[in-house]
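# Descriptive structure summary
As a plain string of letters, each chain reads:
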Amino acid sequence: MVMMILYLLLMRDDKRRITLIPVALLALIFGHLAVAIIFGFLVGLLMILNSKLLINKLNKKFIILYIFFFIIIIVVLFVEMTYLKKSVEMLWRGITSLIIEANARTASEEQSFQPISTVLSYIPISVIVATSFVSLFISTIPSWLRTLTAITLVSVGMAFFAEQALPGITAVRYIGYPAAVILSITLPLGLHKLSKRGRLGSICTTVLIIVVILAFVFSGSLTPGNPLTGVPSFGVYGLIAYDENVQIKMINQLLTGKIQIVTDWRTGLFLGYLNALDLKRMSYGVETENLTIANAGAYGFIVSEERLVTMLKRGYVLILRDKGLDMIESFTRDLKIKLKNLIHNTNIIYNGEKMVVTSNYIES
Amino acid sequence: MKKLLIINFLIIIVGILILPIVYLKNIFTLSFNGLVLIEITLLILTPLLIVTFRDEKEITTFFLNFSITKIVIILFGIIIFIIAYTEMIILGYTYFLTLSFLFVALFIALFGRGKHVAKIALAIAIVGGLISALYGFYVPTFGADTWRDVSISKQIIITGSFESVSIRHPAYPIPLVPLLYTVMSLSLGFSPVWSNSISGFAYLVLLPLFIYYQRGWLAVTRSHTILVCWRWLRPSYLYGQYGSYRRRTRC
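About the criteria used
Residues numbered from 1 in each chain as written. Chains lettered and ligands numbered in written order. Predicted model: local features only at pLDDT ≥ 70, side-chain atom pairs only at ≥ 80, totals over all residues. Heavy atoms only, no water. Helix = DSSP H or I, 4+ residues; strand = E, 2+ residues; numbered from the N terminus. Buried < 20%, exposed > 50% of the residue type's maximum accessible area, 1.4 Å probe, protein only. Contact = heavy atoms within 4.5 Å. Areas by Shrake-Rupley, 256 points an atom, 1.4 Å probe, with all protein chains shown as cover. Pairing = 2+ DSSP bridges. Axes fitted to C-alpha atoms, helices over the stretch in contact; angles between N-to-C directions. UniProt positions renumbered as here; feature names shortened; annotations may be inferred. Phe/Tyr/Trp six-rings, centres within 6.5 Å; stacked < 30°, edge-to-face > 60°. Lys NZ or Arg CZ within 6 Å of the ring centre and 35° of its normal. Expected span 1.5 Å × (residues − 1). Core = buried A, V, L, I, M, F, W, Y, C linked by side-chain atoms within 4.5 Å. Salt bridge = Lys/Arg side-chain N within 4 Å of Asp/Glu carboxyl O. Patch = residues over 30% accessible without salt bridge, like charges linked within 9 Å, V, L, I, M, F, W, Y side chains within 5 Å. Parallel < 35°, antiparallel > 145°, perpendicular 65-115°, else oblique. Left-handed = near helix turned anticlockwise from the far one by under 90°. Nonpolar A, V, L, I, M, F, W, Y, C, P; charged D, E, K, R; others polar.

### Here we look at the overall build of chain B
Within chain B one finds 8 helices and 2 strands. Taken from N to C terminus, the helices and strands of chain B fall in the order α-α-α-α-α-α-α-α-β-β. Evaluated residue by residue, chain B yields a buried proportion of 52% over its 251 residues. Taking the contacts inside chain B whose residues are at least 6 apart along the sequence as the reference set, 61% of them involve residues at least 24 apart. Within the structure as shown, chain B displays about 11,900 Å² of accessible surface, and the carbon and sulfur contribution to it stands at 70%.

Shown next as structure tokens:
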């Protein structure tokens, strides 16, 4: 939607299409208010950075639309004053909790493990960044696009280093990926300009594209569980197969009364959907009228042996899928080895194919 | 500009050499994977900067002697679906055949002869066929937000009332996305999960078309159309279309 509005704003003067902008803006504001506000600031920044954009391309209509955009945002915020108060509170709580979580997660980072093959899935972004960086030096690219590219490249760098320092902030998700999407506008242009630099340029462009294809194919982004591919950190790994789907539905029928569950985040969210009518909360964990589900792997919640034992002692029920155990940043590496002994000391409620439900830990 | 380019080139060379020392001496918090990624980026950047030094010449393009026709598009989509699904049924996961075919098909989509729109259609058919096979075997891969959206949609369908929705997220004043799934589910007779999946396919088809049919300045991006689709926390597929830039006369 953001790309569409940007396109509508930057296109040539076309009366038929300019009428679409208010509709698209309304959809953006009602769709995601926070994104709408950030988008507004981004466009404002572009306007300040490049006066040509304001004067030549968009003239008065743009200013009117921009004012209209902010009036709508303000109206929505006034209509939902409680929401405004809540959102400020949430923002503050979110920032503070993110930093606390990030510190906690950095401390427990050694327990989680990301194989080197996960780098494969980021190589396309490396290509996007490298090509966009090169496009900064091509004089035929308009200055406003170069400014946008420079700002976005800085955002990608910031996201990368913030993620390295405090992984819990998930800066790559919130800053890095949106920035990479914007960079994908300059990527084709960069490739095109490179391919015009004689035979060497053409070879370079071709090799880059082949590298991207190879990285995509062998990262296993759409081929989960393939032994020949790398293991992506999230993506499609640890999916619920058909037989597990049937088992989870059956287990869901057995869950009666107030129950606390710990499981991998895929199973947890699917259970939440199965109990959609009674849902109270669904984000970090899932809460329904009767169920409280702690999702391993959700927002840095990594389940270690000690944590699992504590939870089982508190009366949590463990729903364990074999594939869920392999999900990166869900369970610690050592847990898989110690799990047999751990389960031995509990009451096994259900023992299906590649799936176990257990509770009541008893010290041996 | 050339001076700036030379300075950047030197900085990058120094960066390639210094970063491993930064990692080994633990001067800055840098994981091994992070170091590998940044080194790869800098290594990609080095030849690109050398190429940028050269003057502009006539565009040199490379194409395979394989034309992308309607039959090829349909066949490739069906073949990848059959291969992936058969491997998943027999082995429980996709294996060598799927990978090989995926590589060959993407290679043809990028370097085969044909109209831009045919190349886009082939890429959509390949990715669409693969996703169809995955969704046929696994529960669709959603993140927390998407499961919440489909759950809200399920609530609206069962209770028949928008007011009865029990979970609201403050970021979305009006849950438009669940409403969209609800409308789709009611009109098509699918569950919200499948309405979501169909929306994903529609997005897959519409986004490249949107890029392809751009007019005005942004139309230059059509020279090599790149599509990045986003899944849970990471990009899932990246597709580039390699060809010469032609301005469309009409849309």
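Read on for the rest.
### Some details on the sheet that holds strand β4 (residues 291-296) of chain A
All names here are of chain A. Sheet architecture is open: 7 strands sit in the order β2-β3-β4-β1-β5-β7-β6, paired in mixed fashion. Looking at which strands have only one partner, the edges of the open sheet turn out to be β2 (279-282) and β6 (347-352). Along the sheet, successive strands turn relative to each other by an average axial angle of 15°, direction set aside. For strand β5 (residues 317-321) and strand β7 (residues 355-359), the ladder comprises 4 bridges, and the chain directions are antiparallel.

### A short note on the pairing of β6 of chain A
Residues and elements named next belong to chain A. Taken together, the 5 bridges between β6 and β7 define a ladder with antiparallel strand orientation. From the neighbouring strand, Tyr-350 faces β7, where its bridge partner is Val-357. Hairpin connection between β6 and β7: a loop of 2 residues separates the two successive antiparallel strands, and Lys-354 in this loop has a positive phi of roughly 60°.

### Concerning the UniProt feature "transmembrane region" (unreviewed entry) in chain B
All names here are of chain B. UniProt's entry tags residues 5-24, 30-50, 62-84, 90-111, 120-138 and 193-213 with the feature "transmembrane region" (unreviewed entry), counted in the numbering of this structure. Overall, residues 5-24 shows 100% helix and 0% strand. The separation of its end C-alpha atoms is 29 Å. Within the segment residues 90-111, helix and strand shares are 82% and 0% respectively, and the terminal C-alpha atoms sit 33 Å apart.

### Examining the packing of aromatic side chains
The full count for this structure, using the stated rule, is 14 aromatic pairs over all chains. Here the aromatic rings of Phe-107 of chain B and Phe-111 of chain B are separated by 4.8 Å at their centres, their planes lie at 50°, and the arrangement is tilted. Of this pair, Phe-107 of chain B and Phe-111 of chain B both sit in helix α4 (residues 96-111), 4 residues apart, which is roughly one turn of the helix. Per residue, the accessibility class of Phe-107 of chain B equals that of Phe-111 of chain B, and both read buried. Judged by centre distance (4.9 Å) and plane angle (85°), the ring pair of Phe-137 of chain B and Tyr-138 of chain B falls under edge-to-face. Pair check on accessibility: Phe-137 of chain B and Tyr-138 of chain B agree, each one buried. Through pairs of rings, three or more aromatic residues link up here, namely Phe-270 and Tyr-273 of chain A together with Phe-142 and Trp-147 of chain B. Here the basic side chain of Lys-154 of chain B rests over the ring of Tyr-273 of chain A, its NZ or CZ set 4.4 Å away from the ring centre.

### Side note on helix α8 (residues 143-165) of chain A
Between its first and last C-alpha, α8 of chain A extends 33 Å over 23 residues, near the 33 Å set by a 1.5 Å rise per residue. Every buried residue belonging to α8 of chain A is among Trp-144, Leu-145, Leu-148, Thr-149, Thr-152, Leu-153, Ser-155, Val-156, Ala-159, Phe-160 and Gln-164 of chain A, and all of these are buried.

### What about the nonpolar core?
Membership of the largest hydrophobic core comes to 75 residues, with the highest contact counts inside it found for Ile-261 of chain A together with Leu-102, Leu-122 and Trp-147 of chain B. The element that contributes the greatest number of residues to this core is helix α5 (residues 116-137) of chain B, accounting for 13 residues. Residues contacting Leu-122 of chain B, with those up to four places away along its chain left out, are Ile-68, Val-72, Ile-73, Phe-76, Ala-105, Ile-108 and Ala-109 of chain B. Counting residues in each nonpolar core, the second largest holds 39 residues, with Val-129, Leu-136 and Val-156 of chain A together with Leu-35 of chain B among its members.

### Considering the side chain of Arg-197 of chain A
With respect to the helices and strands, the residue Arg-197 of chain A is situated in the loop between α9 (171-195) and α10 (198-219). With relative accessibility at 8%, the residue Arg-197 of chain A sits in the buried group. Non-local contacts of Arg-197 of chain A, meaning those with residues more than four positions away in its chain, are made with Ile-138 of chain A together with Val-51, Thr-52, Arg-54, Asp-55 and Glu-56 of chain B.

### Observations regarding the UniProt feature "transmembrane region" (unreviewed entry) in chain A
UniProt's entry tags residues 20-50, 62-84, 119-138, 145-162, 174-191 and 203-222 of chain A with the feature "transmembrane region" (unreviewed entry), counted in the numbering of this structure. Helix makes up 65% of residues 119-138 of chain A and strand 0%, with an end-to-end C-alpha separation of 29 Å.

### Remarks on the pattern of salt bridges
Residues and elements named next belong to chain A. The full count for this structure, using the stated rule, is 7 salt bridges over all chains. For Glu-244, the salt bridge is made with Lys-323, and the minimal N-O distance between the two is 3.6 Å. Of this pair, Glu-244 sits in helix α11 (residues 242-254) while Lys-323 sits in helix α14 (residues 322-326), placing them 79 residues apart in sequence. Residue Glu-244 is classed as buried on the basis of its relative accessible area of 2%. Judged by relative accessible area, Lys-323 falls into the partly exposed class, the value being 27%. Note that Glu-287 and Arg-281 form a salt bridge whose closest N and O atoms lie 3.3 Å from each other. Judged by relative accessible area, which is 35%, Arg-281 ranks as partly exposed. Each of the salt bridges in this network shares a partner with another, and the network as a whole consists of Glu-244, Asp-264, Arg-321 and Lys-323.

### Regarding unusual backbone geometry
All names here are of chain A. One non-glycine residue, Lys-354, lies in positive phi territory at about 60°. Note that Lys-354 resides in the loop between β6 and β7. Unlike most non-glycine residues, Asn-360 shows phi in positive territory, near 55°. Considering the arrangement of structural elements, one finds Asn-360 in the segment after β7.

### Description of the pairing of β2 of chain A
Two strands pair when backbone bridges link them, and β2 of chain A and strand β3 (residues 286-288) of chain A are joined in this way by 3 bridges, in the antiparallel orientation. Residue Leu-279 of chain A lies in a different strand from β3 of chain A, and its bridge partner there is Thr-288 of chain A.

### Description of a nonpolar patch on the surface
A contiguous nonpolar surface patch, about 590 Å² in accessible area, is contributed by Leu-228 of chain A together with Ile-89, Ile-90, Leu-91, Tyr-95 and Phe-96 of chain B. With 3 residues, the top contributor of residues to the nonpolar patch is helix α3 (residues 70-91) of chain B. Inspection of the secondary structure assignment puts Ile-90 of chain B in helix α3. By relative accessible area, which is 64% here, Ile-90 of chain B ends up exposed.

### Focus: the packing of α8 of chain A against helix α2 (residues 32-53) of chain B
Where α8 of chain A contacts α2 of chain B, the axes come no closer than 10 Å and their chain directions differ by 160°. Taken as axis vectors, α8 of chain A and α2 of chain B run roughly antiparallel relative to one another. Relative to α2 of chain B, α8 of chain A is oriented so that their crossing is left-handed. On the side of α8 of chain A, the interface is formed by Phe-160, Phe-161 and Gln-164 of chain A, while α2 of chain B contributes Gly-34, Leu-37 and Ile-38 of chain B. Its residues assigned to classes, the contact of α8 of chain A with α2 of chain B comprises 4 nonpolar, 2 polar and no charged.

### Points about the packing of α3 of chain B against α4 of chain B
Residue and element names in this part refer to chain B. One way to put it is that α3 packs onto α4 with a least axis distance of 9 Å and a crossing angle of 160°. Regarding the angle of α3 to α4, the classification is roughly antiparallel. For the pair α3 and α4, the sense of crossing is left-handed. Contact residues: Phe-76, Ile-79, Ile-80, Ile-83, Ala-84 and Glu-87 in α3; Phe-96, Leu-97, Thr-98, Phe-101, Leu-102, Ala-105 and Ile-108 in α4. Its residues assigned to classes, the contact of α3 with α4 shows 11 nonpolar, 1 polar and 1 charged.

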